[in-house]
Amino acid sequence: MKIFHFKKELSEYLKAIKNEDRSVGLVPTMGALHDGHQSLVEKAMSDNDEVVVSIFVNPTQFNNKEDLIKYPRTLDRDVDFLKNISGNKIIIYAPSPEDVYDGNVASKNFNFKGLDSVMEGAFRPGHFDGVGTVVKRLLEIVKPNKAYFGEKDFQQLAIIKKMVEIHNLPSKIIGCDIYRAEDGLAMSSRNERLKPKYREAAPFIYKTLKSAKQKFGTKSANKVSEWVKKQFKSHPLLELEYFTIADDKTLKPVNRKSNKKNYRAFIAVYAGDVRLIDNIALN
Ligand code: PAF
């Protein structure tokens, strides 16, 4: 297993690989790896000759300082996790903020054409500029043929695709299905921080999304949203931050349904002090 902490050494190593015309896949992560990451890494391994997994808790995408401090950092465990998946095949890039940002740890401002003005963007100011900044840096450092992102962060995926298009970056962005625990909870590094009673309650989020999908077949988006709000109002442990039904291309909330468009429902919920997000395709 190769582990690089500095981009200079990583770039040199990758240059030799690319000179041999070997393809490179990138799986960007913030560590605390779980089965959802495993599915991304396995997809990347089946598509490419070499796979780089970056493990970097990116400070510029946290609008909440407390959230950044509490974010799990488990590098030794993550290295073992990747060894178990791949033997020694994976290349790990686990840099410091100084290495990624060349000493200037700050976000750049992006124009994501409105994709960032709703949902996560509205509730987490500056978050997507931080994501755009770090993903652009990682794509420039690794120069992968393909980079892999989970659809749990569907808005993030749309924004990264837009950023790559606007900046004409040569890497192809691959979206991968949401990976769920057996009880339906979407896999997330944040799940580790759930106290047992909240972990037990959390599958209610996906259960509600599935019912919302069913209702969307016959009811308006407004009616479905009202129904979802009611479910969470009476829930003793989970607090709804937002539920939005949006066009899956523009991410604009739906006014009137059109059968020419595809819609998705997006949700953010607090389970104690842990914020969870999820989404589901509606048609
Ligand atoms: O989805 C994540 O884990 C992060 O937002 C990412 C894409 C690794 C950027 O820090």
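For the structure, see preceding data.
Sorry, what's going on with the sheet that holds strand 9 (residues 274-281) here?
Within a sheet, each strand pairs with its neighbour through backbone hydrogen bonds, oriented either parallel or antiparallel. Across the sheet, which stays open at both edges, the 3 strands sit in the order 7-8-9 with antiparallel pairing between neighbours. Strands at the two margins of the open sheet, each flanked by one partner only, are strand 7 (238-247) and strand 9. Adjacent strand axes in the sheet meet at a mean angle of 15 degrees when their direction is disregarded. Where strand 8 (residues 263-271) lies against strand 9, 8 bridges are found, and the strand directions are antiparallel. Looking at the pairing, Val269 lines up with Leu276 of strand 9. Those strands touched by helix 10 (residues 204-216) are strand 7, strand 8 and strand 9, and its axis lies near 30 degrees from that of strand 9. Seen against the sheet, helix 11 (residues 221-233) touches strand 7 and strand 8 and runs at an angle of roughly 165 degrees to strand 7.

Looking at this structure, how should I read empty space enclosed by the protein?
If you roll a probe as big as a water molecule over the atoms, it shows you where there is empty space left. Scanning the model with the defined rule gives 2 cavities of 30 Å³ or more in all. Size it by volume and the largest cavity reaches roughly 840 Å³. Lining the largest cavity we find 49 residues, and of these His37, Tyr71, Lys152, Asp153 and Gln156 sit closest to its centre. Counting residues per element, the ones that place at least two in the lining of the largest cavity are strand 2 (24-29), helix 2 (35-47), helix 7 (127-142), strand 5 (146-150), helix 8 (154-166), strand 8 and strand 9. At 6 residues, the largest contribution of residues to the lining of the largest cavity is made by helix 7.

Basis of the calculations
- Residues numbered from 1 in each chain as written.
- Predicted model: local features only at pLDDT ≥ 70, side-chain atom pairs only at ≥ 80, totals over all residues.
- Heavy atoms only, no water.
- Pairing = 2+ DSSP bridges.
- Helix = DSSP H or I, 4+ residues; strand = E, 2+ residues; numbered from the N terminus.
- Axes fitted to C-alpha atoms, helices over the stretch in contact; angles between N-to-C directions.
- Contact = heavy atoms within 4.5 Å.
- 1 Å grid on protein atoms, 1.4 Å probe; cavity = no way out; pocket = protein on both sides within 12 Å on 5 of 7 lines; lining within 4 Å.
- Points joined across faces, edges and corners; volume = space filled by probe spheres on them.

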